[in-house]
Amino acid sequence: DAKTTQPPSMDCAEGRAANLPCNHSTISGNEYVYWYRQIHSQGPQYIIHGLKNNETNEMASLIITEDRKSSTLILPHATLRDTAVYYCIVIWGGSQGNLIFGKGTKLSVKP
Amino acid sequence: DVKVTQSSRYLVKRTGEKVFLECVQDMDHENMFWYRQDPGLGLRLIYFSYDVKMKEKGDIPEGYSVSREKKERFSLILESASTNQTSMYLCASSLRGSSPNEQFFGPGTRLTVL
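Residues numbered from 1 in each chain as written. Chains lettered and ligands numbered in written order. Predicted model: local features only at pLDDT ≥ 70, side-chain atom pairs only at ≥ 80, totals over all residues. Heavy atoms only, no water.

Visitor: How would you sum up the packing of aromatic side chains? Please name residues and give values.
Guide: Following the criterion strictly, the structure yields 12 aromatic pairs over all chains and no others. Taking the centre distance of 5.8 Å and the plane angle of 75 degrees together, the rings of tyrosine 36 of chain A and tyrosine 46 of chain A count as edge-to-face. A residue pair is termed long-range when its members are at least 10 positions apart, and tyrosine 36 of chain A in strand E3 (residues 31-38) and tyrosine 46 of chain A in strand E4 (residues 45-50) qualify at 10 residues. Classification of tyrosine 36 of chain A by relative accessible area gives buried; the value is 0%. Assessed through its relative accessible area of 15%, tyrosine 46 of chain A is described here as buried. In textbook terms, an aromatic cluster arises when at least three aromatic residues are bridged by ring pairs, as seen for Tyr32, Tyr34, Tyr36, Tyr46, Tyr87 and Phe101 of chain A together with Phe33, Tyr35, Phe48, Tyr50 and Phe105 of chain B. (Phe/Tyr/Trp six-rings, centres within 6.5 Å; stacked < 30°, edge-to-face > 60°. Helix = DSSP H or I, 4+ residues; strand = E, 2+ residues; numbered from the N terminus. Buried < 20%, exposed > 50% of the residue type's maximum accessible area, 1.4 Å probe, protein only.)

Visitor: So what about the interface of chain B and chain A? Which residues, and what values?
Guide: Contact with chain B, which involves 22 residues of that partner, is made by 20 residues of chain A. Carbon and sulfur atoms supply 48% of the area that chain B and chain A bury against each other, a total of about 1600 Å² over both sides. On the chain B side of the contact with chain A, Leu43, Asn101 and Phe105 of chain B bury the most area, a combined 34% of that side's loss. Our count for the contact surface shared by chain B and chain A stands at zero salt bridges. Counting every contact that joins chain B to chain A gives five residue pairs in polar contact (both at pLDDT 80 or more). Elements supplying a minimum of two residues to the side of chain B that touches chain A: strand E4 (31-38) and strand E5 (42-49) of chain B. (Contact = heavy atoms within 4.5 Å. Buried area = accessible area lost by both parts, 1.4 Å probe. Salt bridge = Lys/Arg side-chain N within 4 Å of Asp/Glu carboxyl O. Polar contact = N/O pair within 3.5 Å; in protein donor to acceptor, adjacent residues only side chain to side chain.)

Visitor: Which residues make up the sheet that holds strand E7 (residues 70-75) of chain A, and what are the values?
Guide: All names here are of chain A. Pairing is antiparallel in the open sheet, where four strands are placed in the order E2-E7-E6-E5. Edge positions in the sheet fall to strand E2 (18-23) and strand E5 (55-56), since each of these pairs with one other strand and no more. Sheet topology note: the strand E6 (residues 61-64)/E7 ladder contains four bridges and is antiparallel. Bridge pairing in E7 places isoleucine 63 opposite threonine 72. (Pairing = 2+ DSSP bridges.)

Visitor: Provide a residue-level description of the side chain of serine 61 of chain A, including the pertinent values.
Guide: All names here are of chain A. The residue serine 61 is located in strand E6 in this model. On the basis of relative accessibility, which here comes to 17%, the residue serine 61 falls in the buried class. Within the structure, the side chain of serine 61 is placed 3.0 Å from the side chain of threonine 56, a separation counted as a polar contact.

Visitor: Can you explain the environment of glutamine 25 of chain B? Please cite residues and give values.
Guide: Residue and element names in this part refer to chain B. Within the secondary structure layout, glutamine 25 lies in strand E3 (residues 19-25). Exposure remark for glutamine 25: the relative accessible area of 3% places this residue in the buried category. Sequence separation of glutamine 25 and cysteine 91 is 66 residues, and the distance between their C-alpha atoms is 9.4 Å. Polar contacts involving the side chain of glutamine 25 include one to the main-chain carbonyl oxygen of histidine 29, which spans 2.9 Å.

Below, the structure written as structure tokens:
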């Protein structure tokens, strides 16, 4: 079973920030939070990951609460091409694979 | 640009046929994975490989086998295809070490078994 809870769907206006929440209240100290997305008819795409500090890359920012029980993925200026299903995954840092994707959040970016 | 390629985007086979799905990556990654994706069930790991000639069962290996003779290529084999193997098959690869969970996925093969 997935260790995360995400809203099934969200809408965002083009050009606005998209804030996607994820609850992972049972996360343990050596587990990381990973975010992937899957655009329709394509394979999943890695976005970002973090342990306890906030992270930023060219695609997004990841904000992890101090107690690490939840996190938020931020797409600062959403475009129509960001319409996708976004998956939040919790996984042990030493794992060599087997990402367990839950149902994710379907983000619809609207003009 | 890094790439994971899969031999076919769409494939239609008949029950009982032997099916080969090929995956090639050009990133010199040690780890390679085969998943299947079904509506309502998410991604499920079939097999993975840490290195050439090595393979490990994932969560749903029954009815499948794999082959990794070269580092860049990981093949999924359906020995005798059945209708319940109709699915989207996704291959992925990752680097062993600092970011093993940063997996790069191919575009997927949508297999229909009639």
